[in-house]
Amino acid sequence: MGNMPNTAAEGGNTLGRKIVDTGAFVVFFVLLAILLADLFEAYAERTPAQRIVWPLLALPLALLISDLLSGIVHFLADNYGTEDTLFVGKRFCKPFRDHHLDPTGITRRGFIEANANTCILSLIPLAVVVWLGPYETAAGVFWATLGTLVLITVLLTNQFHKWAHLDNPPRPIAALQRWGLILTKENHDLHHIAPYDTYYCITTGWLNPLFDRLGVLKVEASAAREKTEAQSRRSE
Ligand SMILES: [Zn+2]
Ligand SMILES: [Zn+2]
């Protein structure tokens with residue numbers, strides 16, 4: 001995955017950006033290793049039942065929270081701000097909007113390039129979860145497990161999104177999609193229909209049908225989306 005070809009046209013992947021992105025991953029994995037070592041010790045003090053039940057309980061909750069966060073970030077990036085908005089414009093607005101014009105472009109991105117934005121977003125929350133440790137109380141271990149799984153699934157959100165754009169995903173990925181544990185093509189394709197005004201959640205897509213029915217994360221029209229739609233009509 002990491003050695004796929006990238007072009008400068010795909011999101012302006014300059015050397016400076018590559019250094020920042022790679023650095024973010026190094027810091028993320030160092031912090032994650034510290035946190036996992038801490039949790040490993042904390043679980044040694046827990047009962048056998050807690051060791052099994054808590055991660056099993058925390059994982060679906062974490063996937064649900066990540067799905068919600070992905071929907072909020074994606075909704076904001078598609079509808080508000082411009083490509084020139086300070087910091088978030090180039091990092092978030094532009095890639096999400098370009099993605100409507102070239103949906104399969106994401107499948108040509110390597111792991112670091114595709115996931116750097118969520119990695120950068122996760123760094124401060126991850127540092128906080130590490131800083132709050134060591135986790136000694138029963139409740140503390142559960143919340144730390146949930147926090148860790150949220151951070152990992154947030155980090156992997158665009159990877160799940162990328163896989164939803166593959167026509168023939170590798171077998172283990174296809175199995176995760178079939179079991180409904182990660183975003184499926186059928187679910188995500190509903191976002192890629194102009195005017196791109198629904199199905200914003202891209203971790204598992206679990207919340208999309210509910211939000212669509214309830215009108216959550218909906219805005220009738222936005223200048224940003226109208227611009228993307230006009231661009232997509234021109235490029236047809
Ligand atoms: Zn979108
Ligand atoms: Zn997409």
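Refer to the structure above for everything that follows.
Worth saying up front: this structure is predicted, and the values here are computed from it rather than measured.

(A) Fine view of the overall build of the protein chain. The helix and strand inventory of the protein chain stands at 10 helices and zero strands. Across its three principal directions, the C-alpha atoms of the protein chain cover 60 × 45 × 35 Å. Here the protein chain holds 236 residues, and the buried ones make up 46% of them. Long-range contacts, defined as pairs at least 24 residues apart, comprise 70% of the intrachain contacts of the protein chain with a sequence gap of at least 6. Looking at the protein chain as shown, the accessible area adds up to about 12,600 Å², and 69% of this sits on carbon and sulfur atoms. Separation of charge centres in the protein chain, based on 20 positive and 22 negative side chains, amounts to 3 Å.

(B) Broad picture of the coordination of the zinc ion (ligand 2). Distances from the zinc ion (ligand 2) to its protein donors, namely His-99 (NE2), His-161 (NE2), His-165 (NE2), His-188 (NE2) and His-192 (NE2), fall within the range 2.0 to 2.2 Å. We note that the donor set of the zinc ion (ligand 2) lies within a single chain, spaced as H-x61-H-x3-H-x22-H-x3-H. In this pair, His-161 sits in helix H6 (residues 157-164) while His-188 sits in helix H8 (residues 185-189), placing the two residues 27 residues apart along the sequence.

(C) Looking closely at the environment of Arg-91. Residue position: Arg-91 is located in helix H3 (residues 88-101). When the C-alpha positions of Arg-91 and Leu-155 are compared, they lie 15 Å apart, and in sequence the two are 64 residues distant. Setting aside its immediate chain neighbours within four residues, Arg-91 contacts Arg-17, Val-20, Asp-21, Ala-116, Asn-117 and Ile-120.

(D) Geometry of empty space enclosed by the protein. Under the definition given, this model contains one cavity of 30 Å³ or more. The volume enclosed by the largest cavity comes to roughly 50 Å³. Thr-198, Tyr-199, Tyr-200, Asn-208, Phe-211, Asp-212, Val-216, Leu-217 and Lys-218 together form the lining of the largest cavity. Its residues placed into classes, the lining of the largest cavity shows five nonpolar, two polar and two charged.

(E) Up close: the pattern of salt bridges. Applying the stated criterion to the full structure yields six salt bridges. Across the salt bridge formed by Asp-98 and Lys-94, the nearest N and O atoms sit 2.7 Å from each other. With Asp-98 and Lys-94 both in helix H3, this residue pair falls four residues apart, about one helical turn. For Asp-98, a relative accessible area of 24% gives the class partly exposed. A salt bridge links Lys-185 to Asp-167, with the nearest nitrogen and oxygen atoms 3.8 Å apart. In this pair, Lys-185 is assigned in helix H8 and Asp-167 in the loop between H6 and helix H7 (171-178), connecting sequence segments 18 residues apart.

How each quantity is defined
Residues numbered from 1 in each chain as written. Chains lettered and ligands numbered in written order. Predicted model: local features only at pLDDT ≥ 70, side-chain atom pairs only at ≥ 80, totals over all residues. Heavy atoms only, no water. Helix = DSSP H or I, 4+ residues; strand = E, 2+ residues; numbered from the N terminus. Buried < 20%, exposed > 50% of the residue type's maximum accessible area, 1.4 Å probe, protein only. Contact = heavy atoms within 4.5 Å. Areas by Shrake-Rupley, 256 points an atom, 1.4 Å probe, with all protein chains shown as cover. Lys, Arg positive; Asp, Glu negative; His and termini not counted. Charge placed at Lys NZ, Arg CZ, Asp CG, Glu CD. Donors = N, O, S within 2.8 Å, 3.2 Å for Na, K, Ca; no water. 1 Å grid on protein atoms, 1.4 Å probe; cavity = no way out; pocket = protein on both sides within 12 Å on 5 of 7 lines; lining within 4 Å. Points joined across faces, edges and corners; volume = space filled by probe spheres on them. Nonpolar A, V, L, I, M, F, W, Y, C, P; charged D, E, K, R; others polar. Salt bridge = Lys/Arg side-chain N within 4 Å of Asp/Glu carboxyl O.

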